[in-house]
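# Residue-level structural notes
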Amino acid sequence: MSPSAPSPSPSRARPWPLVAAAAVCLISFAAFWVAQRVAHVNMLDVMVYRAEAETLRAGGDLYAMRATSANLAMTYPPFAAVLFLPLTLVGVPLMRTLSTAGNLLLVVALVRLSLQLVRPALASPARRADLWRTTLWVAAVVVWCEPVWTTLRYGQINLLVAVAVLWDLTRREGSRWAGLGIGLATAVKLTPGLFVVLLLVAGLLLWRRDRGMNQWLRTALTATGVFLVTTLAMVAALPADSRTFWTRTLFETGRVGHAEETANQSLSGVLARLMHTDAPGLWWLAAAVLLGGAAMALAVRAAVRGDKPVAVVVTAFAALMVSPISWSHHWVWCVPLLILLYDRTRAWWVTGAVALAFASFALWWVPHDPGRPELDQNAGQMLLSAVYPLTALAVFAGYALAVRRSPRAAAPEAPRERVAVRERQAVAKE
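As a starting point, this report considers the structure included with it. (Residues numbered from 1 in each chain as written. Predicted model: local features only at pLDDT ≥ 70, side-chain atom pairs only at ≥ 80, totals over all residues. Heavy atoms only, no water.)

### Focus on the overall build of the protein
This is how it is decided: To qualify as a helix, a DSSP run of H or I must reach at least 4 residues; to qualify as a strand, a run of E must reach at least 2; elements of each kind are numbered from the N terminus. As defined in this context, the radius of gyration uses C-alpha atoms, and a globule is described by 2.2 Å times the residue total to the power 0.38. Only protein chains enter the accessibility calculation, which uses a 1.4 Å probe; a residue whose area is less than 20% of its type maximum is buried, one above 50% is exposed, and one in between is partly exposed. Here, residues are in contact when the closest pair of their heavy atoms is within 4.5 Å. Note on areas: Shrake-Rupley with a 1.4 Å probe; residue coverage comes only from the protein chains shown. Note that His is not counted, nor are the chain ends; the positive residues are Lys and Arg, and the negative ones are Asp and Glu. Each charge is placed at NZ for Lys, CZ for Arg, CG for Asp and CD for Glu.
For the protein, the helix and strand inventory stands at 19 helices and zero strands. Taking 430 residues into account, the globule formula puts the C-alpha radius of gyration at 22 Å, and the protein, at 22 Å, falls close to it. The C-alpha extent of the protein, read off along each of the three principal axes, is 70 × 45 × 45 Å. Burial analysis of the protein (430 residues in total) assigns 51% to the buried set. In the protein, the share of contacts with a sequence separation of at least 24, taken over all contacts with a separation of at least 6, comes to 74%. Only carbon and sulfur atoms are counted for the fraction: they give 67% of the accessible area of the protein, which is about 19,700 Å². Each charge sign in the protein was given a centre, from 39 positive and 23 negative side chains, and these centres are 9 Å apart.

The following block contains the structure:
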């Protein structure tokens, strides 16, 4: 991920017609749907979401609720239960069908927004056909990677959260709506709040440099305002549940699951398996502070230099790494990462190696069952069950080395293109 990669040439656009891309994407999605049905996916999480909404409608205690045969509890803030209320308006079979269809549409949206983030020029009216054609081809492939497969297997909301964040970060300069998606996503799942930190720090640094308001700072203030208004509205509407979450549930990480589970692809999961314990404690805290601080320093540096794609992807992976629990399906951020890697490195072997990590399902090759065999993993099993964190570390290290080798590199594609457009407009007016 070089900070000084050359601008992509418009002539590189795929020559195949849009209808062919749409047909391939539709066939891939249909095959995916059939494969999930053949695999008898249980869509466990969407059943929990439905139970949360039903508990809310019945006036019950959201955090005393238990749902499904796995006896799962609610782990999100109270606003999430409000968001899930529409799930109670249809029967379970239809709800599952709509959840799968909705997530497949979100795969397309995630790819499109990722392409817009990495190559802003594709969003221009003249290249919109190129954008959609590329979107459909990429979506037909990435739907089969493990994080996306598992998201649909459980009926999770990871794609919705990622799309909400990227929607904000691909708005035009001066958009009054930028920040709405991140604010709402943070009110639902908290971890997107790290994007607010990125926006705020980068925005303040740019404000100090330019002595004026900027898009980063505006988006940060909007996101913070939306989060606070939403959360305070829940305090007023659901005072008991809000008090329970913010004073107790928030700190009960064991409520989500055991740290050492192979599905936990965060830094705490790696340390728990490495130390053969379910409570890495201060070791995890120290490692999370060091790694998170270093990653955010890279992200802020990229943001201040105008390299928004790198800033966004590094922040997303930092959040996944430092969170106490980051299930493998949370790593749907691999989609914008793969697009960014291909765009910047132009090396198939680099993008292919990272794609293989997310498509191999390698973390599931190790023993994993309710007996908690992850507490007794050998070295080889530990490597397999740390495939996503190791990939993230490699990405961080690669970018850090690129920055060190070219500290005064030119700004990336997006800023140069905006300057070029302004220059052409100025010439036209003269």
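Now, onward.
### Concerning the nonpolar core
Put simply, the rule reads: Buried residues of nine kinds, namely Ala, Val, Leu, Ile, Met, Phe, Trp, Tyr and Cys, make up a nonpolar core once their side-chain atoms join them within 4.5 Å.
Formed by 111 residues in total, the largest nonpolar core has its most connected members in Phe317 and Trp333. Per-element tally for this core: the top contributor is helix H4 (residues 92–118), with 11 residues. Apart from residues no more than four positions distant in its own chain, Phe317 is found in contact with Trp331, Trp333, Cys334, Leu337, Phe358, Ala392 and Phe396.

### A closer look at the packing of aromatic side chains
Definition in use: Planes of paired rings set the category: under 30 degrees apart is stacked, over 60 is edge-to-face and the rest tilted, where pairs are Phe, Tyr or Trp rings (Trp by its six-membered ring) whose centres lie within 6.5 Å. Charge-over-ring contacts are defined here by two conditions on Lys NZ or Arg CZ: a distance within 6 Å of the ring centre and an angle within 35 degrees of the ring normal.
This model, assessed by the stated rule, comprises 14 aromatic pairs. Here Trp144 and Trp149 contribute two aromatic rings whose centre-to-centre distance is 6.5 Å and whose plane-to-plane angle is 25°, an arrangement assigned as stacked. With centroids separated by 5.3 Å and ring planes inclined at 90°, the aromatic side chains of Phe317 and Trp331 adopt a geometry described as edge-to-face. With Phe317 in helix H14 (residues 308–322) and Trp331 in the loop between H14 and helix H15 (334–345), the pair connects residues that are 14 residues apart, well separated along the chain. Like Phe317, the residue Trp331 is buried in the burial classification. Taken together through their ring pairs, the aromatic side chains of Tyr63, Phe227, Phe245 and Trp246 make up a single cluster. Seen from the ring of Trp207, Arg211 lies directly overhead, with NZ or CZ sitting 6.0 Å from the centre. Stacked on the ring of Trp216, the Lys or Arg Lys308 has its end atom at 5.8 Å from the ring centre.

### A short note on the pattern of salt bridges
Cut-off, in case you're wondering: Any Lys or Arg side-chain nitrogen located within 4 Å of an Asp or Glu carboxyl oxygen qualifies as a salt bridge.
This structure, assessed with the given rule, holds 12 salt bridges. Glu260 is the salt-bridge partner of Arg372, the closest N and O atoms lying 2.7 Å from each other. Placement of Arg372 in the loop between helix H16 (348–359) and helix H17 (379–384) and of Glu260 in the loop between helix H11 (239–247) and helix H12 (267–275) is noted, with a sequence separation of 112 residues between them. Exposure remark for Glu260: the relative accessible area of 0% places this residue in the buried category. Between Arg344 and Asp343 there is a salt bridge; the shortest N-O distance is 3.8 Å.

### Re a nonpolar patch on the surface
For clarity, the threshold we go by: Only residues whose relative accessible area exceeds 30% and that form no salt bridge are eligible for patches; like-charged ones are grouped when within 9 Å, while nonpolar side chains (Val, Leu, Ile, Met, Phe, Trp, Tyr) are grouped when within 5 Å.
Together, Leu200, Leu204, Trp207, Met213 and Leu221 make up an exposed nonpolar region whose accessible area comes to about 480 Å². At three residues, helix H9 (residues 193–210) tops the list of elements feeding residues into the nonpolar patch. Among the structural elements, Trp207 can be located in helix H9. Look at Trp207 and you get partly exposed, because its relative accessible area is 40%.

### Focus on the environment of Leu87
On the secondary structure map, Leu87 appears in the loop between helix H3 (78–83) and H4. Here the alpha-carbon distance between Leu87 and Glu52, two residues 35 residues apart in the chain, equals 9.9 Å. With residues up to four places along the chain from it excluded, the contact list for Leu87 reads Val46, Tyr49, Arg50 and Met95.

### Thoughts on the packing of H4 against helix H5 (residues 128–142)
Note the cut-off: Helix axes use the C-alpha atoms of the stretch in contact, all axes being lines fitted to C-alpha atoms, and the angles between their N-to-C directions lie in the range 0 to 180 degrees. Oblique is the label for every angle not falling under 35 degrees (roughly parallel), over 145 degrees (roughly antiparallel), or within 65 to 115 degrees (roughly perpendicular). Take the far helix as your reference; a near helix turned counterclockwise from it by less than a right angle gives a left-handed crossing, and one turned clockwise gives a right-handed crossing.
The geometry of H4 relative to H5 is characterised by a closest axis approach of 9 Å and an angle of 125° between their N-to-C directions. Considering their axes alone, H4 and H5 lie oblique with respect to each other. In this structure, H4 meets H5 at a crossing whose hand is right-handed. Across the interface between the two elements, Val107, Val108, Val111, Arg112, Leu115 and Gln116 of H4 pack against Arg128, Leu131, Trp132, Thr134, Thr135, Val138, Ala139 and Val142 of H5.

### Observations concerning unusual backbone geometry
The residue His40 is not glycine, and still its phi comes out positive at about 55°. Mapped onto the secondary structure, His40 falls in the loop between helix H1 (18–38) and helix H2 (44–58). A relative accessible area of 69% places His40 in the exposed class.

### Looking at the side chain of Arg50
Looking at the element boundaries, Arg50 is found in helix H2. Among the residues examined, Arg50 registers a relative accessible area of 11% and is labelled buried. With near-sequence residues (within four places) excluded, Arg50 lies in contact with Leu87, Thr88, Val90, Gly91, Val92 and Met95.

### A closer look at H1
In plain terms, the rule: By definition here, a helix of n residues has an expected span of 1.5 Å times n minus one. Picture the helix axis, draw a direction to every C-beta atom, and the arc is the one those directions span.
For H1, built from 21 residues, the straight-helix expectation of 30 Å at 1.5 Å per residue is met to within 8% by its first-to-last C-alpha distance of 30 Å. Looking at H1, one finds that the buried residues are Ala21, Cys25, Ser28, Phe29, Phe32 and Gln36. Viewed end-on, H1 has its buried residues packed into an arc of 100°, placing them on one side of the element. Of the exposed residues in H1, those oriented more than 90 degrees away from the buried face are Val19, Leu26, Ile27, Val34 and Val38. Packed against the buried residues of H1 are H4, H5 and helix H6 (146–154). One or two steps after H1, the chain reaches His40, where phi turns positive at roughly 55°.

### Side note on the state of the cysteines
Defined as follows: Disulfide assignment relies on a single distance test, namely cysteine sulfur atoms paired within 2.5 Å.
This structure, assessed with the given rule, holds zero disulfides. Considering cysteine sulfurs only, Cys334 is the nearest to Cys145, which forms no disulfide, with 3.9 Å between them. Using a relative accessible area of 0% as the deciding quantity, one classes Cys334 as buried.

### Focus: H12
Buried within H12 are the following residues: Leu267, Ser268, Gly269, Leu271, Ala272 and Arg273. Where H12 is buried, its residues meet helix H13 (281–304), H14 and H17. Backbone geometry just downstream of H12 places His276 in the positive-phi region, at approximately 55°.

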